[in-house]
Amino acid sequence: MRLFLIKLLYVICSPITSLFMKVNGVKTKGIVFTSGFPYLFRGNGSEISFGKKVRMLNLPWMNSIGLMHRCIITTEKDAKLVIGDNVGMSGASIWCFKKITIGDNVRVGANVTIIDGDAHQDDPRSGKNKPIVIEDNVWIGANVTVLKGVTIGKNSLVGAGSVVTKDIPANVVAAGNPCIVVKYFDEGKIKDIEQYFK
Ligand SMILES: CC(C)(COP(=O)(O)OP(=O)(O)OC[C@H]1O[C@@H](n2cnc3c(N)ncnc32)[C@H](O)[C@@H]1OP(=O)(O)O)[C@@H](O)C(=O)NCCC(=O)NCCS
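Residues numbered from 1 in each chain as written. Predicted model: local features only at pLDDT ≥ 70, side-chain atom pairs only at ≥ 80, totals over all residues.

Peer 1: Would you take a moment to explain the sheet that holds strand β20 (residues 180–184) for this structure?
Peer 2: Through backbone hydrogen bonds, the strands of a sheet pair up, either in parallel or in antiparallel fashion. Spatially, eight strands are ordered β2-β5-β8-β11-β14-β17-β19-β20 in an open sheet, and the strand pairing comes out mixed. In this open sheet, the two strands that pair with only one neighbour each are β2 (33–35) and β20. Bridging between strand β14 (residues 139–140) and strand β17 (residues 157–158) involves two bridges; their strand directions are parallel. Bridge pairing in β17 places Ile140 opposite Val158. The sheet strands contacting helix α1 (residues 2–23) are β2 and β5 (55–57), and the helix crosses β2 at an angle near 125 degrees. (Pairing = 2+ DSSP bridges. Helix = DSSP H or I, 4+ residues; strand = E, 2+ residues; numbered from the N terminus. Contact = placed C-beta atoms within 7 Å. Axes fitted to C-alpha atoms, helices over the stretch in contact; angles between N-to-C directions.)

Shown next, in the form of structure tokens:
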């Protein structure tokens, strides 16, 4: 029943969201699939682009973890946010001050936050904005926070509730606060992951 309702809302909401995005100068490769409606705030001179088959869940019951809010996508002035093909996100917040790049086939779990600045830029305690890169096939578990300046390498999985403060290499499981490598995928597993997304 839930899946049926999610699909029904995809059919109703996606064309409206995609039109709203176009009107607001967001670049899209075809329809952006949204079940429920995300919030989207594009700052002056900033760029937002969505790849093919991006999916966003936006209502609390759409993921059994319980989504705390709809997806919130924000770019500040002159920032650049690039979201690849086949990316899925559930109630995620992406707040882009400088540059955030999300590759293809990335899973952004429930209630994840990705933020490349400290937000209170007039406050002397704030540091510099630094770009974030999330490479292809990365899986970000529920309630993770990805902070400024990090790269998460291809195929890696970030465990639930982690706070990513430093780069995570490709082909690993990383977890905790601060997020560190807990496991390396062997070659067989890496082949399986890449096959899975072909
Ligand atoms: C990261 C994860 C995939 C690891 O699962 P796994 O491969 O079966 O590995 P294990 O459970 O054996 O954990 C390996 C080690 O990492 C630790 N660990 C696992 N998940 C962790 C987490 N989220 N935070 C901190 N440490 C974690 C384990 O305690 C274990 O430590 P040890 O080697 O010292 O005993 C899993 O714990 C996880 O967080 N899944 C994400 C689920 C999720 O959010 N899905 C999306 C829903 S929208």
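So much for the structure itself; the text now carries on.
Peer 1: Please clarify how the pairing of strand β19 (residues 172–175) should be interpreted in this entry.
Peer 2: Along any regular strand, the residues point their side chains to alternate faces of the sheet. Judged from the two bridges that link them, β17 and β19 form a sheet pairing that is parallel. Counted as the bridge partner of Leu157 is Val173 from β19. Sheet analysis places β19 next to β20, joined by four bridges and oriented antiparallel. Following the sheet pairing, Ala175 is matched in β20 by Ile180. Adjacent in sequence and paired antiparallel, β19 and β20 are bridged by four residues, among which Gly176 carries a positive phi angle near 100 degrees.

Peer 1: Even after reading the chapter, I still don't get the site of the ligand, so can you show me in this structure?
Peer 2: The local shell around the ligand holds 17 residues, among which Gly109, Gly141, Ala142, Gly159 and Ala175 are the closest. Elements with a contribution of two residues or more to the shell around the ligand: β19 and β20. By residue class, the composition of the shell around the ligand is eight nonpolar, eight polar and one charged. (Near = placed C-beta within 6 Å. Nonpolar A, V, L, I, M, F, W, Y, C, P; charged D, E, K, R; others polar.)

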